[in-house]
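The lines below spell out each chain.
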Amino acid sequence: MPRTFVSEARKRVGPKKQRILPIIERLRAAHPDATIALHFRNELELLVSVMLSAQTTDVNVNRVTEHLFEKYRRPEDYLAVPVEELERDIYATGFYRQKTRSIRGAMRVLLEEFDGEVPRGLDELLRLPGVARKTANVVASELGHAQGIVVDTHVRRLSQRLGLTRNEDPVKIERDLQRVVPRADWARFPHLLIWHGRRVCVARRPHCESCVLVDLCPAARIDVMPG
Ligand code: SF4
């Protein structure tokens, strides 16, 4: 996109600090059902689901955990079976060797350092093997202790299109979002972008014609602009 066009578009929509609240309000109204798509019944299941969700779809994880969580109910259960058995049980989520190693490592630390309970703080979650920042952010947010903003592929794409960041690196994108999104919305905001990204602002050709953010978005397609 030519630079003049980009700066024209940015001028048209105004500064991000003024746009962020209407963006959040409109997305909230458009996607009242925007919540985490993984199925879980407790904190341990949440942690395991999020760990399994790397490089695969939430639907796929839910299919596997439906049976997995009947068999593995406590951290000890993941350590009580032979490695190969757990690998088999999570095979369909892909990267099953690495995920098995991470889950067993995390369960060991949960038992040794946290009395078998899933911690809520980001720093404590990051001490679990195989738990990187994104996983820790998702778990902490779902447990009501959002200390950051989850950045996945949808959050990255929409944040860029909406002119909320110019960065590519997830850590820098998160920092840009933290500066503009009110703290009370840190947990909800990624879900709103993820659902909007799946339903409307899809990767290839966004459906700007049916988007509630068209007048707030510098990347809106010119042929659908009002006036
Ligand atoms: S106006 Fe278009 S590019 Fe902007 S958020 Fe909506 S669908 Fe995405």
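In what follows, the structure referred to is the one given above.
For the structure given in this document, a descriptive report is provided here. (Residues numbered from 1 in each chain as written. Predicted model: local features only at pLDDT ≥ 70, side-chain atom pairs only at ≥ 80, totals over all residues. Heavy atoms only, no water.)

1. So, the overall build of the chain
Here's step 1: Scanning the chain from N- to C-terminus turns up 12 helices and 0 strands.
Here's step 2: Listed by position from the N terminus, the elements making up the chain come as α-α-α-α-α-α-α-α-α-α-α-α.
Here's step 3: Taking the principal axes of the C-alpha coordinates as reference, the chain spans close to 65 × 30 × 30 Å.
Here's step 4: Burial status across the chain gives 48% buried among its 227 residues.
Here's step 5: Of the contacts made within the chain by residues no fewer than 6 positions apart, 60% connect residues no fewer than 24 positions apart.
Here's step 6: Accessible surface, the chain as shown: approximately 12,100 Å² in total, 52% of it carbon and sulfur.
Here's step 7: In the chain, 38 side chains carry a positive charge and 30 a negative one; their mean positions are 9 Å apart. (Helix = DSSP H or I, 4+ residues; strand = E, 2+ residues; numbered from the N terminus. Buried < 20%, exposed > 50% of the residue type's maximum accessible area, 1.4 Å probe, protein only. Contact = heavy atoms within 4.5 Å. Areas by Shrake-Rupley, 256 points an atom, 1.4 Å probe, with all protein chains shown as cover. Lys, Arg positive; Asp, Glu negative; His and termini not counted. Charge placed at Lys NZ, Arg CZ, Asp CG, Glu CD.)

2. Considering unusual backbone geometry
Here's step 1: In this model, Gln55 sits at a positive phi of 60 degrees, which is unusual for a non-glycine residue.
Here's step 2: Within the secondary structure layout, Gln55 lies in the loop between helix 3 (43-52) and helix 4 (58-71).
Here's step 3: Under the relative-accessibility criterion, Gln55 is labelled exposed at 67%.
Here's step 4: A positive phi is found at Asp115, a non-glycine position, where the angle reads about 55 degrees.
Here's step 5: Following the sequence through the fold, Asp115 ends up in the loop between helix 7 (96-113) and helix 8 (122-125).

3. Some points on helix 2 (residues 16-30)
Here's step 1: Helix length check: helix 2, at 15 residues, gives a terminal C-alpha distance of 20 Å against a target of 21 Å (1.5 Å per residue), a fit within 8%.
Here's step 2: Restricting attention to buried positions, one finds in helix 2 the residues Arg19, Ile20, Ile23, Ile24 and Leu27. On an axial view of helix 2, the arc spanned by its buried residues comes to 140 degrees, and they lie on one face. Among the exposed residues of helix 2, those pointing more than 90 degrees away from its buried face are Gln18, Glu25 and Ala29. (Expected span 1.5 Å × (residues − 1). Arc of directions from axis to C-beta.)

4. What to know about the pattern of salt bridges
Here's step 1: By the definition in use, this model includes 20 salt bridges.
Here's step 2: Note that Arg26 is salt-bridged to Asp215, the shortest N-O span being 2.7 Å. Of this pair, Arg26 sits in helix 2 while Asp215 sits in the segment after helix 12 (188-199); the two residues are 189 residues apart in sequence, bridging distant segments of the chain.
Here's step 3: With a relative accessible area of 35%, Asp215 lands in the partly exposed category.
Here's step 4: The salt bridge involving Asp176 is made with Arg179; its shortest N-O contact spans 3.6 Å. With Asp176 and Arg179 both in helix 11 (residues 170-180) and 3 residues apart, this pair spans about one turn of that helix. (Salt bridge = Lys/Arg side-chain N within 4 Å of Asp/Glu carboxyl O.)

5. Description of the packing of aromatic side chains
Centre-to-centre distance and the angle between the planes together describe a pair of aromatic rings.
Here's step 1: Considering all chains together, one arrives at 2 aromatic pairs under this definition.
Here's step 2: Ring centres of Tyr72 and Tyr78 lie 4.7 Å apart, and the angle between their planes is 20 degrees; this geometry places the pair in the stacked category.
Here's step 3: Centre to centre, the rings of Tyr91 and Tyr96 are 4.8 Å apart; their planes meet at 55 degrees, and the pair counts as tilted.
Here's step 4: Cation over ring: Arg198 sits above Trp195, and NZ or CZ is 5.3 Å from the ring centre. (Phe/Tyr/Trp six-rings, centres within 6.5 Å; stacked < 30°, edge-to-face > 60°. Lys NZ or Arg CZ within 6 Å of the ring centre and 35° of its normal.)

6. Considerations on the site of the ligand
Here's step 1: All residues in the neighbourhood of the ligand are listed as Arg161, Cys201, Pro206, Cys208, Cys211, Val214, Cys217, Ala219 and Ala220.
Here's step 2: In terms of residue class, the shell around the ligand is made up of 8 nonpolar, no polar and 1 charged. (Near = heavy atom within 4 Å. Nonpolar A, V, L, I, M, F, W, Y, C, P; charged D, E, K, R; others polar.)

7. Topic: helix 3
Since the α-helix packs 3.6 residues into each turn, any two residues three or four apart lie on the same face.
Here's step 1: With 9 of 10 residues buried, helix 3 is to be regarded as a mostly interior element.
Here's step 2: Restricting attention to buried positions, one finds in helix 3 the residues Leu44, Glu45, Leu46, Leu47, Val48, Ser49, Val50, Met51 and Leu52.
Here's step 3: Looking at the buried positions of helix 3, the neighbouring elements they touch are helix 4, helix 5 (75-80), helix 6 (83-90), helix 7 and helix 9 (133-142).
Here's step 4: Two or three places before Leu44, at the start of helix 3, stands the capping residue Asn42, its side-chain oxygen 3.2 Å from that residue's backbone nitrogen. (Polar contact = N/O pair within 3.5 Å; in protein donor to acceptor, adjacent residues only side chain to side chain.)

8. Focus: the packing of helix 10 (residues 153-161) against helix 12
Here's step 1: Contact geometry for helix 10 and helix 12: axes closest at 8 Å, N-to-C directions at 85 degrees. Considered as vectors, helix 10 and helix 12 are oriented roughly perpendicular to each other. Contacts between helix 10 and helix 12 involve His154, Val155, Arg157, Leu158 and Ser159 from the former and Pro190, Leu193, Ile194, His196, Gly197 and Arg198 from the latter.
Here's step 2: Along the lines of polarity and charge, the residues of the contact of helix 10 with helix 12 split into 5 nonpolar, 4 polar and 2 charged. (Axes fitted to C-alpha atoms, helices over the stretch in contact; angles between N-to-C directions. Parallel < 35°, antiparallel > 145°, perpendicular 65-115°, else oblique.)

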